[in-house]
Amino acid sequence: MSETSAFSASDKHGRYQELHEMIAAVTAGEPDLIANLSNAVALIKDCLPKASWVGFYIQRGEDLVLGPFQGKVACVRIGPGRGVCGAAAQQQLTMLVPDVEAFPGHIACDAGSKSEIVVPIVVANRVVAVLDLDSYELAAFDQADQRELERIAHWCGTLNW
Ligand code: SME
């Protein structure tokens, strides 16, 4: 039996529109951070079939520590400035990486990952977490994904950190 998706639009823009609406709907009125991040990650993974892994790394002291995710077992703790996640957090900038092998210091949690995008979540000028997506395809994410995922990261910044 095949898995069913909550998404019906076939074009990227339409799917992201559905995604934004569904995230707002499933988190409405719920104050719990982990519950809301968990449902957001499940919806993002369902929305983007190219993503092999979707998850959050949460800033805990100096390190980024694994938070709610969907996908294979992943690295638990990422030191300051390490990997794509650490670079995004340190520079407070989205890292759009079409080929992870060309990114110096990329941390390969899953040897099959070929491209990645990491978006920082910033609250009061401080990074509280990053949203990380990996894909088994090269250049799976583009600037349209970046814009939409930055909108989600901005929404994440409004949660109870
Ligand atoms: N590739 C990331 C590590 C996290 S995994 O992709 C889930 C990095 O280089 O920071």
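A.B. asks: Can you break down the pairing of strand 2 (residues 63–70) residue by residue, with the values?
C.D. replies: Residues in a regular strand project their side chains so that they alternate between the two faces of the sheet. Note: strand 1 (residues 51–60) against strand 2, six bridges, orientation antiparallel. Paired with Gly 55 across the bridge in strand 2 is Phe 69. Counting the residues between successive antiparallel strands, the hairpin from strand 1 to strand 2 contains two residues, one of them, Gly 61, with a positive phi of roughly 65°. By the bridge criterion, two bridges tie strand 2 to strand 3 (residues 77–78) in an arrangement that is antiparallel. When the sheet's bridge partners are listed, Val 65 is paired in strand 3 with Arg 77. In this structure, the hairpin formed by strand 2 and strand 3 is closed by a connection of six residues, where Gly 71 is found at a positive phi of approximately 140°.

A.B. asks: Describe in detail the packing of aromatic side chains, supporting the description with residues and values.
C.D. replies: The final tally for this structure, using the stated rule, is two aromatic pairs. Each member of the aromatic cluster is reached from another via a ring pair, and the members are Trp 53, Tyr 57 and Phe 69.

Rules used throughout
Per-chain numbering applies: the sequence of each chain, read as written, is numbered from 1 onward. Local features are withheld for residues below a pLDDT of 70 in this predicted model, meaning they are given only at 70 or higher, and side-chain atom pairs are given and counted only at 80 or more; totals for whole chains, interfaces and linings count all residues. Side-chain measures here rest on the full set of heavy atoms in the structure, leaving out hydrogens and waters. By the convention used here, strands pair only if DSSP detects at least 2 bridges between them. Only DSSP runs of H or I covering at least 4 residues are called helices, and only runs of E covering at least 2 are called strands; the numbering of each starts at the N terminus. Stacked, tilted and edge-to-face pairs are distinguished by plane angle, under 30 degrees for stacked and over 60 for edge-to-face with tilted covering the rest, among Phe, Tyr and Trp rings (Trp via its six-membered ring) whose centres lie within 6.5 Å.

Take it as geometry only, folks, not as evidence of what the structure does.
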